[in-house]
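Here is how the chains run, residue by residue.
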Amino acid sequence: MNLFENYSLSTVEIIQNNGYEVEVHNVITADGYILELHRIPKSKGGQEPTRNHPLFIHHGILGTSADWVLAGAAMSLPMQLANAGYDVWLANCRGNTYSRKHISMTYKQKAFWNFSLHEVGKYDLPASIDYILATTNTSQLHYIGYSMGSCVFFIMGSERPEYQPKIRSQISLAPVAFLANTRSSLRFMAPYAKMLNIVYQRMWKGMFMPQSNMQKFLASTICRERITQRMICEKCIIFSVCGSDPYHFDTKLIPLIMGHFPAGTSANLAAHFAQFILKDTFGQYDYGRAMNLRHYNSTEPPTYDLKSIRVPITLIYGENDILADTIDVMKLKAQLPMVMDAFPAKSPYFNHVDFLWSTSVVEQINNPVKEILQKTDDLSWTYTGPAATSTAVDAVVPVVRQPPIQILQLNPLSGAVNLAPSLEFFAENLDAIIASTMPVPVDERDAAVFEMEREQQRLLFGGVIRFAQAAEKKYGQLREEFTNEISGWADDVATGAETRVKQTAVLVNGKIAFAGHSVAGAVGKAEHFVVGGVGKAEQTVAVGIGKAQNYVSYGLNKADRAVNGALNATVGRVGRVLWFWK
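What counts, and where the lines are drawn
Numbering of residues begins from 1 in every chain and follows the order in which that chain's sequence is written. pLDDT decides what is reported in this predicted model: residues at 70 or higher carry local features, side-chain atom pairs at 80 or more are listed and counted, and totals for whole chains, interfaces and linings draw on all residues regardless. The side-chain numbers reported here are obtained from all heavy atoms of the structure, hydrogens and water having been left aside. Each helix is a run of H or I in the DSSP string that is no shorter than four residues. Each strand is a run of E no shorter than two, and both are numbered from the N terminus. For each residue, the accessible area found with a 1.4 Å probe, counting protein chains only, is set against the maximum for its type, and the residue is called buried under 20%, exposed over 50%, and partly exposed in between. Residue contacts follow a heavy-atom distance rule, with two residues in contact if any of their heavy atoms lie within 4.5 Å. Surface accessibility follows the Shrake-Rupley procedure with a 1.4 Å probe radius. Residue values consider only the protein chains on display as shielding. We define a nonpolar core as any set of buried Ala, Val, Leu, Ile, Met, Phe, Trp, Tyr and Cys residues linked to one another through side-chain atoms lying within 4.5 Å. Helices are assigned an expected span. That span is 1.5 Å times one less than the residue count. All axes are obtained by fitting lines to C-alpha atoms, using only the stretch in contact for helices, and the reported angles, taken between N-to-C directions, cover 0 to 180 degrees. What sets the label is the angle itself: under 35 degrees gives roughly parallel, over 145 gives roughly antiparallel, 65 to 115 gives roughly perpendicular, and the rest give oblique. As a working rule, the residues Ala, Val, Leu, Ile, Met, Phe, Trp, Tyr, Cys and Pro are called nonpolar, Asp, Glu, Lys and Arg charged, and the rest polar, with Gly in that last group.

Run through the overall build of the chain, naming residues and quoting values.
The helix and strand tally for the chain stands at 16 helices and eleven strands. For the chain, the proportion of its 582 residues judged to be buried stands at 45%. At a minimum sequence separation of 6, the contacts of the chain that also span at least 24 residues come to 77%. For the chain, the accessible area works out to roughly 30100 Å², and carbon and sulfur atoms hold 59% of it.

Put into structure tokens, the structure is as follows:
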């Protein structure tokens, strides 16, 4: 385990190693989940908070509080905000590495994992906010949400409007609500999310991608070596989902990232995101038409009312974020009534994970966030932005990219029913998938760099697919050979068994005949024995009856004599009494 030491430090240990004090707090939600909050109560120098409102920061999907601090104080937004005088609180969503407890269940029970984004927004955030405000004796706090952290905030704002006045300001980093235009490789898996969810429910009780020793092994081996780090961990695992940034992503952080991410969630929560991609709506979890009637009294789940959220919100997005696409961010902006500002990171290559681990994250994200908070934390500040009304979605001017990215047409899967994408599907659509995840070149230098990277990904993923196909083919051959051997062995066993059955039948018939003779002889002896026994019994009974008669006669004679004597004595006494009376 010493091999994993540098890649498996907890959030508390990372913060302490960077010279900050840290506190652990446990919060119980209304539905019984126990959440672990990590607090940085002072600056690195030990100075008490000087700001007016505490700060609550929420991680993204499959993440933990460690995502914000694993890069160290030089890049960490929470640590830098603690130095700026804020009382910083880091969230941990139910189901991740730090929040796997419940007042009446264990994480090994299926019921523990029966939650989606809806429950996180409706229960986790309110419980955490109330706890922070009570502990700090304040009435409002600032909220910073990254990716899923912004999504669950919008859910809370819609479903729990009584918490809107408790939010001083909200900053969404890589905001997620609508996902129909995502170019991430995840959109190719979204159509199979329902079936995959069923598999996870049956095999892992609904638990999805928890932290594991295999993950730590990858972090300390494959993702530590430079070649495999760039070719597998960076391109396969990170860039295909979040977008490629060949200039600002700090590859040295990959082993640390893989040591903490993914940290687990529920399969329902992952499926909820897939529904955003497929339905182009920001709505509650879709259980299916029949179950929706039971949950919502409607065949379709209700959508969240973004227009009802009266909180000052700032949206910061990345133009190269293929997961939270700019078009979807603008659609979100149009429905929020109190958007203070919405702007992209300065770098045109800023992707989804750059908000946490870019080499330029301080300049691109941390400093703008500090400026926003400095303004909104002032007690005299009031929202003076656009009127608290939202724009119709249809009126939003679509974002035009230069050059425009065409909608990719994927080759359909073969067969009438496909429960999961096959290797043939990925092989046939590999070029389209890679093209959708690549950033838009800004100049000629970019075009050359991105073309080289596209070719690397094509070679890498193509090799992986061919290897998997060869392995699948070999597995099929071995399975067929093994099946033939089993069939031959079964035939041999059946033939031998038939012969043995016949031999056994002959043997049994002989035994039955022998047993028949034995039974006949035994019956004869039994009859003779019974007849003799009956005769002896009759004689014994006759003798007994004679003796009994003699006993009875003797007893009767003796009884007669005794009765006569008693009568004579009684008559004598009566006579004497009569003489006395006279």
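Here the narrative resumes.
Residue-level account of the nonpolar core, with values.
Of all hydrophobic cores here, the largest spans 57 residues; its most connected members are Phe 56, Leu 117, Phe 153, Phe 154, Phe 273, Phe 282 and Leu 336. Every element with two or more residues in this core is listed here: β2 (33-40), α3 (117-136), β6 (141-146), α4 (148-159), α9 (267-279), β10 (313-317), α11 (326-335) and β11 (339-344). In terms of nonpolar packing, the next biggest core, distinct from the first, is built from 41 residues, Ile 40, Ala 174, Ile 254 and Phe 355 among them.

Lay out helix α13 (residues 361-376) in plain terms, naming residues and giving numbers.
At 3.6 residues per turn, the α-helix brings residues three or four places apart onto the same side. Over its 16 residues, α13 extends 22 Å from the first C-alpha to the last, a length consistent with the 22 Å expected when each residue adds 1.5 Å. Looking only at α13, the buried set comprises Val 361, Gln 364, Ile 365, Asn 366, Pro 368, Val 369, Ile 372, Leu 373 and Thr 376.

If you had to explain α11 to someone new, which residues and values would you point to?
Counting buried positions along α11 gives eight out of ten residues, so the element sits mostly inside the fold. Of the surrounding secondary structure, the elements contacted by the buried residues of α11 are α4 and β10.

Tell me about the packing of α3 against α4, residues and numbers included.
The contact between α3 and α4 brings their axes to 8 Å, and the two run at 85°. Comparing the axis directions of α3 and α4 gives the class roughly perpendicular. Of the residues in α4, those touching α3 at Leu 117, His 118, Val 120, Gly 121, Leu 125, Pro 126 and Ile 129 are Met 148, Cys 151, Val 152, Phe 153, Ile 155, Met 156 and Glu 159. Split into classes, the residues belonging to the contact of α3 with α4 amount to eleven nonpolar, two polar and one charged.

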